[in-house]
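Now for the letters of each chain:
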Amino acid sequence: MSERRKPYPFDEFEPKWQAIWQERQLFHVPNPGEKGFDHSKSKFYVLDMFPYPSGAGLHVGHPEGYTATDIIARYKRMRGLNVLHPMGWDAFGLPAEQYAIKSGQHPAITTRENVAKFKNQLKRIGFSYDWQREINTTDPRYYKWTQWIFLQIYNSWFNPATNKAEPISTYRGKNPDEVRLAYVADVPVNWCPELGTVLANEEVVDGKSEVGGFPVVRRPMRQWMLRITAYAERLLDELDGLDWPQGIKLLQRNWIGKSEGAEIDFKIDKSDQKIRVFTTRPDTLYGGTFLVLAPEHSLVDLIVTEEQWPAVREYRERTARKSELERVDLSKDKTGVFTGAYAINPANNKNIPIWIADYVLIGYGTGAIGGVPAHDERDLEFAKKFDLPVVIVVQPAGNEPAMGFIGEGVAVNSPMIDGLTSADAKRKITAWLEERGQGKRAINYKLRDWLFSRQRYWGEPFPIIWEDGSHRSLDESELPLVPPPLEDYKPIGTGEPPLSKAKDWIRYSEKATRETNVMPQWAGSCWYYLRFCDPNNDQRFVGEQAEHYWMGGVKPGGVDLYVGGTEHAVLHLLYARFWQKVLFDRGYVSKPEPFQRLVNQGIILGEDNQKMSKSRGNIVNPDDVIDLYGADAFRCYEMFMGPFEQMKPWSMRGVEGVSRFLARVWRLLMAENQRGDWELSAKIKETDASKPQQKITHAAIKKVTEDVESFSFNTAISQMMIFVNAFTGAEAIPLSSIRVFLILLSPFAPHIASELWETLNGKFTDARGDITQQSWPVYDQQLLAEEEVEIVLQINGKVRDRMKLPIGITNEEMKSAALVNPKIQERIAGKTVRKVIVVPQKLVNLVV
RNA sequence: GCCAGGGUGGCGAAAUUGGCAGACGCGCCAGACUUAGGAUCUGGUGGAGAAAUCCUUAGGGGUUCGAGUCCCCUCCCUGGCACCA
C-alpha cells in the first residue's frame, strides 16, 4: 500500500524552517546594553503561564495559549516592537517526587527528561520563543534567587503607617519576629496523611487534596507562613488598574473577601472576661439573643460551668474528629452545646446564653458571633433547633415578612435607633459602642495568611537555620542552599519532612540546624516573569536595567500580555501579585503589579465533548496531529476551533479542514511539474491587482489586524480563507496581493508562509529577506469602499426586497427609490404609509 | 444556596451603535475531471411547503418602525465560592 500523499510537503519544510530559526537565533531579543539591542523600538512582553513538565508530555490544551501568544509575538515583531517571548519550566512538584519514591530515581533526572520531551514538542510546533532565556525553577541558579526573595520577605515587615513593606530593621517594637512577612506559627493546618504533607487552603478542595483527591484533616503544626493578609487591601484595590477579565477580578475579590462591620465586646455575666464578636450588622444588636463561640475558642475553658463541662468536652472532641468535609456539610443539622455561661447584650443589658457550635469558625473574625436569629438564616436555624428566643429588629421596606429577613430595612424594637435605615443604624450603634469602649468599626477578610512550608523533598529548601529554638536567616553568600541527596524520598509520616533524614546536611554548626521544610510549588512561579528579563544574571535576581525596560511602561503591570488557564485565577495570580508588591515596596522592581493584561484560554474537550482524561481515552497528542497534518495546520486549527476563551471540543475533521485550507494556499502559489515536483506557479505575476482583488486584500489586512489585537483568531482565519477562495481560480495572481497575504498568514502558519515567501524571492526581486523580517501591512480605507450599497427594503420590519444604489445616496433618495420599487408597491397598494424609517446607506422600513 | 459566564443549522461557529440571522469551516447532496477517489475543482445546503409564502437565535412575556443583541420571568449547561457572621 502506498503512503497517503501529503497535500503539501509540510514534512519537508517545517523542520527546515525550525532549524533555520534556531541557527540564526531569529527570535532572540537582546537586553538593553547588549549587542544588537535596538533603542528605537518600544517593548512588548508577552508571556505564557509556564508548564509543569509532566511525564505525560504536552496535550493539545497547552499549545492553545502558546499558539495565541506566538501569533501575537510574531505580529508585534512585524509591527516593529522589541518582543520578549520566553518559555521555561515550573519543575518543582509532586509527581517527580512520587516517581522518585517509587523508583529511587532522583527527581532532577526525571525532571531533566521531561523537560527535554516538552521542549522537543514545543519546538515541533514552531513557537518563536527566545530559547536563550529558558529557565527552570529547579535549577540552583534559579532557586538561589527564589531563596533570596524569601529572605527579603523574611527581613521585611508591613508598616501600617506607610501601608508598605519596610526592612525589618526599621521596626521599633521589641520582637521583630512578631511582624516579619515570613513567620513561624503553630496553626491548625490541612494535613494530608496520604501525601505526607501539609497543604495550603487553596490546595484543599471539598475536604480533599487537590492533587490526588486524598482526605485532609485539621491538625495543629509548626509552620512557615507568609503575611499576605497585610496586603489584602492593596491586592483588592490595585485590581482596578489591570486589564483582566472581570470574572477573574471578581474571583480574587471574593477570595480576599472583604467585609466591613464592627467588633463588639460582650461582658460575661459574673466574670471579668469579655467576648469579642465580629458582625457586619451592628444595627441588629438588639436582636442578639445568644452568643456562639467556635468550639476551639480559647475562652471556652474559662467560662464553661461545672455542670456543662462534660457536654462541652464531648462536643469539642466530636468536632475535632470530624473531617473538614463533614464539618462544612451544609445539609446537616446545626449542632451545639450550651456552656452554662451568660453574656450581657450591651444594647439592652439583657443576659443572653453563650453556646458553642461548629457552624462558627475559629479562623474567621474573632471566632465568635452574636446570634441574631430573626435576621440571619444560620442563627435562625440554630435558634429553632435549640429553642432560643427570636426578636425582630429590622422591618423590610416591602411586604416581605420580617422574620428571617436578612436584607437592609428600618430598625424596630431597638430604642436607640428605631426608625433609622440599616445604614444609619449601623453608624449610630457603632459610634455609641465606640464612645463606651465596647466596640469599634472593623474590617475582616476571608483571605488567610499563606501557609508556605511543605513536608516534601522536591522543593526549595528554606535559607533558615535554627538555634536555641529561634530562627535566623542564612547569609546571602550562602545561597543557593541545595537540598542533600537522599536514598529514600518517602515522607516519614509523622509530619517530619524527608529532609530531616539527611543528618549531615541538617547540622549547620555545633549548635545550629537547618530548617527541613521546603517551599511550596508556587514559590518558583511567583517571580519567574522577572527572571525572564535577565535569566543569566548571577549578581542579582534580575538586572535593574533589564527589569526597568521589559517591565516598564505607563500601566501598573509590567508584563503586557499574560495568557493561561483560569485554574490559576486565585492561587498563582494572587501569590505572584503579593511577591511583586513586596519587591516593589522594597525598591527592587519598578511596578506594583506583575501582569497588565490577562487572557484566559478555554479548555479543550475531547471529541466526545468530555474533559480529556487518560481514563476516558480521549486525549489528543499534538505529535500525532503534527505527523498527519503538520505544525501549521495544528496551530491554525487550535485557533480556528472557536472563540479563544471558550470551552470547545476537539475535532480531527476540523483539523483536516484547516489543513485543506493551507493546501489551497500552497497550490495558489505552487504547481506540480511533469516530474511531480512542486514549483512556483506561472500564475504569479507582477501585475496590478484588480479592484475586487485589492478590495479583498485590504479587507483581509483590516480584519486580520483587528482580530489579532482582540484575540479573535478564528475570524481572522475565516477572512484569510475568504481571500484564498477569491483568488483560487484566478488566471493571474498579482505578486503584491499574495505577498501581503503571506505576511498576514505568517504569524498563524509561519512555516508555510516562510517557505512560499522564499520561493517567491527565488524568482522576484521586489522584496528582500525572510518573511519574519517584513513589516505588517497597513490597509487603505479607500480601497475598501464600495461603489454601490445594497439597501434593504422592509415593510413593518420584514425584509421584502433589496436594491443596489450608488454610494452616497441621500435618505430622501433612498425613500423615493423604495416607494417606487415594484415589490414594495405591490405590497403597499391600498394602504397608507404611516411612517418611513431610513437608516443611511443601509435600510428603508415602511410602516403601514 | 450565592456569584460569574454561556444556550444560534446535523456539528464547530459568525453577526460595530438594536438594522439582510447563519460569514468561514466540517458534514451532507449534485456535477466536473478520473482506471480509481477518502485527491482536486464547481455548485447547492436552517426548517416547512409544489409554489407564493410562512416559521426560525433555550422557553415565555415586554420595549421598539425593527430584537440573537435591550428589560422582566422561567428552564438548562459550565466554572467558582460555599455555615465567612
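1. Section: the environment of Tyr 66
1) Next: Within the secondary structure, Tyr 66 is located in helix α2 (residues 62–78).
2) Next: Residue Tyr 66 is classed as buried on the basis of its relative accessible area of 4%.
3) Next: Setting aside chain neighbours within four positions, we find Tyr 66 in contact with Asp 48, Met 49, Phe 50, Pro 51, Leu 58, Met 87, Leu 122, Phe 127 and Tyr 129.

2. A word on the protein's contact with RNA strand B
1) Next: Around RNA strand B, 54 residues are found, and the nearest of them are Lys 332, Lys 334, Arg 378, Met 641 and Asn 845.
2) Next: The sugar-phosphate backbone supplies 64% of the atoms of RNA strand B found within 4 Å of the protein.
3) Next: Taking Ser 259, its side chain carries an N or O atom lying 2.7 Å from a phosphate oxygen of RNA strand B.
4) Next: Thr 279 is positioned with one of its side-chain polar atoms (N or O) 3.2 Å from a sugar or linking oxygen of RNA strand B.
5) Next: Secondary-structure elements contributing two or more residues to the surface near RNA strand B are α7 (246–256), β13 (274–279), α20 (652–669), α22 (713–727), β33 (788–795), β34 (798–806), β35 (835–839) and β36 (843–847).
6) Next: The dominant element in the surface near RNA strand B, judged by the number of residues it contributes, is α22, at 6 residues.
7) Next: Within the surface near RNA strand B, the residues separate by chemical class into 23 nonpolar, 12 polar and 19 charged.

3. Things to note about empty space enclosed by the protein
1) Next: Counted under the stated rule, the structure contains 2 cavities of 30 Å³ or more.
2) Next: Quantified by volume, the largest cavity comes out at close to 60 Å³.
3) Next: Around the largest cavity, the lining residues are Phe 27, Arg 74, Arg 77, Met 78, Ser 746, Pro 747, Pro 750, Ile 771 and Thr 772.
4) Next: It is α2 that contributes the most residues to the lining of the largest cavity, 3 residues altogether.
5) Next: Residue composition of the lining of the largest cavity, by class: 5 nonpolar, 2 polar and 2 charged.
6) Next: Split by domain, the residues of the lining of the largest cavity number at least three in each of domain 1 (10–140 + 527–605) and domain 4 (678–783).
7) Next: Lining the second largest cavity we find Leu 94, Glu 97, Gln 98, Ile 101, Leu 195, Gln 455, Arg 456, Tyr 489, Lys 490, Pro 491 and Pro 498.

4. Some points on the domain arrangement of chain A
Reports often express the size of an interface as the amount of accessible area lost when the parts come together.
1) Next: Per the domain assignment, the segments making up chain A are domain 1 (10–140 + 527–605), domain 2 (148–253 + 449–522), domain 3 (258–445), domain 4 (678–783) and domain 5 (786–847).
2) Next: On a C-alpha basis, the centroid separation for the pair domain 3 and domain 4 is 70 Å.

5. Considering the pairing of strand β25 (residues 557–564)
1) Next: For β25, the buried fraction is high: 7 of the 8 residues fall into the buried class.
2) Next: Pairing of strand β1 (residues 43–48) with β25 involves 3 bridges; the strand directions are parallel. Residue pairing across strands places Asp 48 opposite Val 563, the latter belonging to β25.
3) Next: In the sheet, β25 pairs with strand β26 (residues 593–600) via 6 bridges, with the strands oriented parallel. For Leu 561, the partnering residue across the bridge sits in β26 and is Arg 597.

6. A few points about the nonpolar core
What tends to happen in soluble globular proteins is that the nonpolar side chains get buried as a cluster.
1) Next: One finds Phe 150, Trp 579 and Trp 650 to be the most contacted residues of the largest nonpolar core, which totals 167 residues.
2) Next: When neighbours within four sequence positions are excluded, Trp 579 is seen to be in contact with Thr 146, Ile 149, Ile 153, Leu 226, Trp 450, Phe 452, Ala 523, Cys 526 and Trp 527.
3) Next: Judged by nonpolar contacts, the second largest core, of 44 residues, contains Leu 285, Phe 290, Tyr 315 and Leu 388.

7. Overview of the packing of helix α19 (residues 631–640) against α22
1) Next: The contact between α19 and α22 brings their axes to 7 Å, and the two run at 120°. On α22, the residues that touch Cys 636, Met 639 and Phe 640 of α19 are Phe 713, Asn 714, Ile 717, Ser 718 and Met 721.
2) Next: Taken together, the residues of the contact of α19 with α22 break down into 6 nonpolar, 2 polar and no charged.

8. Brief notes about unusual backbone geometry
1) Next: With an omega dihedral of 0°, the bond running from Leu 479 to Pro 480 counts as a cis peptide bond.
2) Next: Its location among the elements puts Pro 480 in the loop between β23 (470–473) and α13 (503–506).
3) Next: One non-glycine residue, Asn 349, lies in positive phi territory at about 60°.
4) Next: Positive phi values are uncommon outside glycine, yet Gln 841 reaches one of about 65°.
5) Next: With respect to the element layout, Gln 841 can be found in the loop between β35 and β36.

9. Topic: the pattern of salt bridges
1) Next: In the structure shown here, the tally under the stated rule is 42 salt bridges.
2) Next: Between Lys 16 and Glu 755 there is a salt bridge, and its shortest N-O distance comes to 2.8 Å. You can see Lys 16 sitting in helix α1 (residues 10–24) and its partner Glu 755 sitting in helix α24 (residues 750–763), a full 739 residues away along the chain.
3) Next: The class of Lys 16 is partly exposed, set by a relative accessible area of 31%.
4) Next: Under the relative-accessibility criterion, Glu 755 is labelled buried at 14%.
5) Next: Its salt-bridge partner being Arg 378, residue Asp 376 comes within 2.5 Å of it at the nearest N-O pair.
6) Next: Residue classification places Arg 378 among the partly exposed positions, given a relative accessible area of 47%.

10. Notes on α24
1) Next: Given a rise of 1.5 Å per residue, 14 residues ought to cover 20 Å, and the 20 Å separating the end C-alpha atoms of α24 matches this to within 8%.
2) Next: Within α24 the residues assigned to the buried category are Pro 750, His 751, Ile 752, Ala 753, Ser 754, Glu 755, Leu 756, Trp 757 and Leu 760.

11. Topic: the side chain of Gln 601
1) Next: Looking at the secondary structure, you find Gln 601 in the loop between β26 and β27 (604–605).
2) Next: The exposure class of Gln 601 is buried, given its relative accessible area of 16%.
3) Next: Within the structure, Gln 601 has its side chain in polar contact with the backbone oxygen of Gly 61 (distance 3.3 Å).
4) Next: Setting aside its immediate chain neighbours within four residues, Gln 601 contacts Gly 61, His 62, Glu 64, Gly 65, Val 563, Gly 564, Gly 565, Thr 566, Phe 644 and Glu 645.

Parameters at a glance
Residues numbered from 1 in each chain as written. Chains lettered and ligands numbered in written order. Predicted model: local features only at pLDDT ≥ 70, side-chain atom pairs only at ≥ 80, totals over all residues. Heavy atoms only, no water. Helix = DSSP H or I, 4+ residues; strand = E, 2+ residues; numbered from the N terminus. Buried < 20%, exposed > 50% of the residue type's maximum accessible area, 1.4 Å probe, protein only. Contact = heavy atoms within 4.5 Å. Near = heavy atom within 4 Å. Polar contact = N/O pair within 3.5 Å; in protein donor to acceptor, adjacent residues only side chain to side chain. Nonpolar A, V, L, I, M, F, W, Y, C, P; charged D, E, K, R; others polar. 1 Å grid on protein atoms, 1.4 Å probe; cavity = no way out; pocket = protein on both sides within 12 Å on 5 of 7 lines; lining within 4 Å. Points joined across faces, edges and corners; volume = space filled by probe spheres on them. Domains from an automatic or database assignment. Pairing = 2+ DSSP bridges. Core = buried A, V, L, I, M, F, W, Y, C linked by side-chain atoms within 4.5 Å. Axes fitted to C-alpha atoms, helices over the stretch in contact; angles between N-to-C directions. Salt bridge = Lys/Arg side-chain N within 4 Å of Asp/Glu carboxyl O. Expected span 1.5 Å × (residues − 1).

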